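# Structural features, examined
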Amino acid sequence: NLEAGDVYINDIILEKLRKEGEVSYRDVRAKVGLELIHYTRIENSKGTLVGFIEEIIRVDSTFLKNLKKRLNLEITIFDNEKKPIVSTDEDFLLYPKSFFAEQYSKKEDPFFEATNKGTPFGVLLTNLKKGDSNLFVGLSASKKDVKNAMAGITQALYSVVGVIML
């Protein structure tokens, strides 16, 4: 909000903007979620720099819950250490901190099982790597609805990848 005063851009981001014209990055914040941030350099018709535009997409619990309504899947965003930071179901945040990392490291099968409120869930935990940055997304479906969810998981993965790759 420019009305609140001056806005400053980090020197590293500013240098990339000068070279490339635009820069994107992800900011993972515990208990808040994920912010997808994109800066674009704005020039006038003579090529003179006149400013920058910052766009932010917040992938928080509200965003994920709206996505869940469309896909009928539980969605969890994890940090680099595979600890859940935001989820459509708060119970997935209550698992021991090492649970998802241990399941991911087994990797015999990309799916594993987790029980939530007495219901077994099939979980797919995948790494959406961009440059040096890792972002892990978990998609979960009740095993009662697995057949219907397989199509939803594929669609969700493409949707989340599409949003993150903006």
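Here, every reference points to the structure presented above.
An account of the accompanying structure is given in this report. Everything quoted here is computed from the prediction, not taken from an experiment.

With that settled, the discussion passes to the overall build of the protein chain. Check the secondary structure of the protein chain and you find four helices and eight strands. From first element to last, N terminus to C terminus, the protein chain shows the α and β order α-β-β-β-α-β-β-α-β-β-β-α. Based on the C-alpha atoms only, the size of the protein chain along its principal axes is roughly 60 × 30 × 30 Å. Pairs at least 24 residues apart make up 37% of the contacts formed inside the protein chain by residues separated by at least 6 positions. Counting every atom, the protein chain has about 10400 Å² of accessible surface; 51% of that belongs to carbon and sulfur.

In this section: the environment of Lys31. Within the secondary structure, Lys31 sits in the loop between β1 (22–29) and β2 (33–43). The sequence separation of Lys31 and Val137 amounts to 106 residues, and the corresponding C-alpha distance is 15 Å.

It is worth spelling out the sheet that holds strand β6 (residues 111–116) at this point. The five strands lie next to each other as β5-β4-β8-β7-β6, forming an open sheet whose pairing is antiparallel. Strands at the two margins of the open sheet, each flanked by one partner only, are β5 (84–87) and β6. Ignoring which end each strand starts from, the neighbouring axes of this sheet average 30° apart. The pairing of β6 with strand β7 (residues 119–127) spans six bridges and is antiparallel. For Asn116, the partnering residue across the bridge sits in β7 and is Thr119. Relative to the sheet, helix α2 (residues 61–71) contacts β4 (74–78) and β5, its axis offset from that of β4 by approximately 145°.

Regular strands place side chains that alternate from one sheet face to the opposite one. Across the seven residues of strand β8 (residues 136–142), seven count as buried, placing the element largely inside the fold. Of the two faces of β8, the one lined by Phe136, Gly138, Ser140 and Ser142 and the one lined by Val137, Leu139 and Ala141 are each fully buried. Here β7 runs beside β8; their pairing, made up of seven bridges, is antiparallel. Within the sheet, the bridge partner assigned to Thr126 lies in β8 and is Val137.

Strand order in the open sheet made by the three strands is β1-β2-β3, with antiparallel pairing throughout. A strand with exactly one partner marks an edge of an open sheet, and here the two such strands are β1 and β3 (49–59). The mean inter-strand angle of the sheet, taken between neighbouring strand axes irrespective of direction, is 20°. Bridge count between β1 and β2: eight bridges; the pairing is antiparallel. Each residue of the ladder has a partner; that of Arg26, found in β2, is Leu36.

On to the nonpolar core, then. Formed by 21 residues in total, the largest nonpolar core has its most connected members in Leu34, Ile77, Val137 and Ile164. Of all elements in the fold, only β2, α2, β4, β5, β8 and α4 (146–164) reach the threshold of two or more residues within this core. Looking at this core, the element that brings in the most residues is α4, giving four residues. With residues up to four places along the chain from it excluded, the contact list for Leu34 reads Arg26, Asp27, Val28, Ile57, Arg58, Val59, Ile77, Leu135 and Ile164. Within the second largest apolar cluster, twelve residues are counted, among which are Tyr95, Phe99, Tyr104 and Phe121.

Before going further, it helps to spend a moment on helix α1 (residues 11–20). Within the span of α1, buried status applies to Ile13, Leu14 and Leu17. Seen end-on, α1 carries its buried residues on one side only, within an arc spanning 100°. Residues Asp11, Ile12, Arg18, Lys19 and Glu20 are exposed on α1 and point more than 90 degrees away from its buried face. Those residues of α1 that are buried are in contact with β1, β2 and β3. Sitting at the amino-terminal end of α1 is Asn10, which places a side-chain oxygen 2.6 Å from the backbone nitrogen of Ile12. Downstream of α1 by a residue or two, Gly21 has a phi angle that is positive, lying close to 90°.

Cut-off values and rules
- Residues numbered from 1 in each chain as written.
- Predicted model: local features only at pLDDT ≥ 70, side-chain atom pairs only at ≥ 80, totals over all residues.
- Heavy atoms only, no water.
- Helix = DSSP H or I, 4+ residues; strand = E, 2+ residues; numbered from the N terminus.
- Contact = heavy atoms within 4.5 Å.
- Areas by Shrake-Rupley, 256 points an atom, 1.4 Å probe, with all protein chains shown as cover.
- Pairing = 2+ DSSP bridges.
- Axes fitted to C-alpha atoms, helices over the stretch in contact; angles between N-to-C directions.
- Buried < 20%, exposed > 50% of the residue type's maximum accessible area, 1.4 Å probe, protein only.
- Core = buried A, V, L, I, M, F, W, Y, C linked by side-chain atoms within 4.5 Å.
- Arc of directions from axis to C-beta.
- Polar contact = N/O pair within 3.5 Å; in protein donor to acceptor, adjacent residues only side chain to side chain.

Everything listed is a geometric property; what it means functionally is a separate question.
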